[in-house]
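Each chain, written out:
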Amino acid sequence: MASSMIESLGSLNKDSFVSLLSKLIGESKFVQNNPPELIPQEDRIVNHVLDSLRPYSTESGGGPLVINHVAYHSGRGNLIVEYPGSVPGKIVSFVGMHMDVVTANPDEWEFDPFSLSIDGDKLRGRGTTDCLGHVALVTELMKRLGETKPALRSSVVAVFIASEENSSIPGVGVDMLVKDKLLDKLKAGPLFWIDTADKQPCIGTGGMIPWKLHVTGKLFHSGLAHKAINAMELGMEGLKEIQSRFYRDFPPHEQEKVYGFATPSTMKPTQWSYPGGGINQIPGDCTVSGDVRLTPFYDVKEVMKKLQEYVDDINANIEKLATRGPVSKYVLPEENLRGRLTLSFDEASAGVACNLDSRGFHVLCKATEEVVGHVKPYSITGTLPLIRDLKDEGFDVQTSGYGLMATYHAKNEYCLLSDMCQGFDVFVKIISQLEQD
């Protein structure tokens with residue numbers, strides 16, 4: 001049964017895949033997600049997927065696919081496609097193929113980001129790796145199921161989603177599908193989130209805590225440094241102390257080796273700003289911004305609480321903070337002035353550690369090994385907050401992807417056609433293994 005199903009589904013139709021991907025990349029300019037300037041119109045992608053699948057859908061009378069186009073904002077739809085199996089409650093799903101992309105500046109690219117170009121095995125354009133390549137790939141899988149109509153016990157469901165790259169406009173994508181219980185039946189089987197890279201299972205992701213540290217000192221002439229509180233020096237020394245305490249309290253966790261995390265949790269600055277002034281002025285204000293990337297074995301709220309405690313303690317004991325030179329200071333008693341650090345946070349998200357004992361994980365690993373030739377699960381402290389939400393809702397989430405991590409969100413993005421072909425084969429192997437349960 002399994003071998004005959006694999007034979008009937010066959011391998012990826014390269015011409016059909018490239019043709020569809022060309023149409024999708026041709027829309028990528030209109031699905032860039034960076035509000036308020038750029039609000040994607042994901043239905044431009046939906047329409048091409050529907051053109052491919054409608055001939056095999058129940059609504060056209062020509063096939064078994066059940067299609068549900070769900071939009072919460074005008075022009076910004078999600079698409080749920082189901083190939084029904086014969087056993088109620090037996091199901092496998094491929095989710096997370098998002099129809100928006102990050103921005104691209106054509107002036108900075110070596111080729112047009114908004115049209116597909118082909119260079120040997122390379123398929124080039126914005127969205128080829130993240131994530132329009134996966135949209136096209138899973139569309140081809142569902143199309144093949146509709147064409148060949150294999151007698152499956154498992155239902156196979158694909159969920160193409162809107163609004164993954166930027167969440168500043170709420171209530172658009174998979175969060176609403178979950179809220180409206182449109183995905184509840186997917187909890188009965190493994191859910192494969194298809195939005196990572198490099199053909200290996202990604203079994204862990206990081207949480208993210210964006211922070212801002214505003215530093216208040218006293219502006220004064222640089223020739224009279226003893227009358228100033230240098231906000232930059234206070235920011236540097238204060239941040240150094242905060243980082244030291246963070247790494248003391250949140251050291252590398254033993255589970256990070258089990259999951260193969262590339263890095264432990266980190267807390268670091270990424271931006272620095274100040275109001276401006278002359279070179280001969282000691283600044284009285286500045287702001288340091290950055291993020292915490294947190295492995296999923298630590299609690300986001302606990303870390304935020306600790307960071308605030310560090311700042312409160314530094315402020316209360318600012319005289320003890322290291323200074324820089326004989327007149328560097330953070331207190332001016334004669335003026336009753338004290339330097340001060342003020343910490344604030346933007347929206348934080350938690351990481352996820354996939355269940356390594358689940359059927360979904362073992363099936364994905366076996367399929368990957370058979371198709372790719374080896375399996376090496378990995379984890380990164382990049383964020384996929386949507387899959388943490390799904391895991392918390394009770395879904396057996398596993399993640400994989402067939403683009404290239406090296407071109408993820410990058411200029412000159414591309415994927416490899418050979419990798420996408422292997423991705424298709426992995427999907428078929430997954431379905432085949434689950435048929436044997």
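Here the structure is a predicted model, which means the values were calculated and not measured.

A.B. asks: For this particular structure, what's the right way to read the UniProt feature "domain: Peptidase M20 dimerisation" (unreviewed entry) in the protein?
C.D. replies: The UniProt entry lists residues 203–317 under the feature "domain: Peptidase M20 dimerisation" (unreviewed entry), expressed in the numbering used here. As annotated, residues 203–317 comprises 37% helix and 30% strand, and the C-alpha atoms at either end are separated by 42 Å.

A.B. asks: Explain the layout of surface pockets to me, please; I cannot follow it from the model alone.
C.D. replies: Vacant regions in the atomic arrangement are exposed by a probe of water-molecule size rolled over the atoms. Here the largest pocket defines a volume of roughly 1,000 Å³. What lines the largest pocket is a set of 38 residues, among which E164, S167, T383, P385 and L386 lie closest to the centre. If you count residues domain by domain, the lining of the largest pocket takes at least three from each of domain 1 (1–205 + 351–435) and domain 2 (207–345).

A.B. asks: Explain the packing of helix α2 (residues 14–25) against helix α4 (residues 132–148) to me, please; I cannot follow it from the model alone.
C.D. replies: Two measures define how a pair of helices packs: the angle their axes make with one another and the distance between the axes. The N-to-C vectors of α2 and α4 enclose an angle of 135 degrees; their axes lie 9 Å apart at closest approach. The orientation of α2 relative to α4 falls into the category oblique. The handedness of the crossing between α2 and α4 is right-handed. Along its contact with α2, which presents S16, F17, L20, L21, L24 and I25, the element α4 presents L132, G133, V135, A136, L137, T139, E140 and K143. Split by residue class, the contact of α2 with α4 holds nine nonpolar, three polar and two charged.

A.B. asks: In this structure, what is going on with the state of the cysteines? I would like to understand it.
C.D. replies: Put plainly, two cysteines are in a disulfide when a covalent bond ties their sulfur atoms together. The full count for this structure, using the stated rule, is zero disulfides. Free of any disulfide, C202 has its nearest neighbouring cysteine sulfur in C354, separated by 7.0 Å. Of all cysteine sulfurs, the one in C354 lies closest to C365, which takes part in no disulfide; the gap is 10 Å. You can call C365 buried: its relative accessible area is 13%.

A.B. asks: Would you mind showing me how to read the domain arrangement of the protein here?
C.D. replies: The accessible area lost on association of the parts is a frequent measure of interface size. Segmenting the protein into domains produces domain 1 (1–205 + 351–435) and domain 2 (207–345). A C-alpha centroid distance of 41 Å is found between domain 1 and domain 2. Domain 1 puts 14 residues into the contact, and the matching count from domain 2 is 13 residues. At the boundary of domain 1 with domain 2, total buried surface from both sides reaches about 1,000 Å², with 60% on carbon and sulfur atoms. Among the residues of domain 1 in contact with domain 2, S379, T381 and T383 are the three that bury the most area, contributing 49% of the side total. Linking domain 1 with domain 2 are zero salt bridges, by the criterion used here. Summed over the shared surface of domain 1 and domain 2, the result is six residue pairs in polar contact (both at pLDDT 80 or more).

A.B. asks: Mind showing me how you'd approach the side chain of S155 here?
C.D. replies: With respect to the helices and strands, S155 occurs in strand β6 (residues 155–161). There is a polar contact of 3.5 Å between the side chain of S155 and the side chain of E82. A polar contact of 2.8 Å, which involves the side chain of S155, links it to the backbone nitrogen of G85. Sequence-distant contacts of S155, that is, excluding residues within four places in its chain, are made with E82, Y83, P84, G85, K90, I91 and V92.

Cut-offs applied
Residues numbered from 1 in each chain as written. Predicted model: local features only at pLDDT ≥ 70, side-chain atom pairs only at ≥ 80, totals over all residues. Heavy atoms only, no water. UniProt positions renumbered as here; feature names shortened; annotations may be inferred. Helix = DSSP H or I, 4+ residues; strand = E, 2+ residues; numbered from the N terminus. 1 Å grid on protein atoms, 1.4 Å probe; cavity = no way out; pocket = protein on both sides within 12 Å on 5 of 7 lines; lining within 4 Å. Points joined across faces, edges and corners; volume = space filled by probe spheres on them. Domains from an automatic or database assignment. Axes fitted to C-alpha atoms, helices over the stretch in contact; angles between N-to-C directions. Parallel < 35°, antiparallel > 145°, perpendicular 65-115°, else oblique. Left-handed = near helix turned anticlockwise from the far one by under 90°. Contact = heavy atoms within 4.5 Å. Nonpolar A, V, L, I, M, F, W, Y, C, P; charged D, E, K, R; others polar. Disulfide = S-S within 2.5 Å. Buried < 20%, exposed > 50% of the residue type's maximum accessible area, 1.4 Å probe, protein only. Buried area = accessible area lost by both parts, 1.4 Å probe. Salt bridge = Lys/Arg side-chain N within 4 Å of Asp/Glu carboxyl O. Polar contact = N/O pair within 3.5 Å; in protein donor to acceptor, adjacent residues only side chain to side chain.

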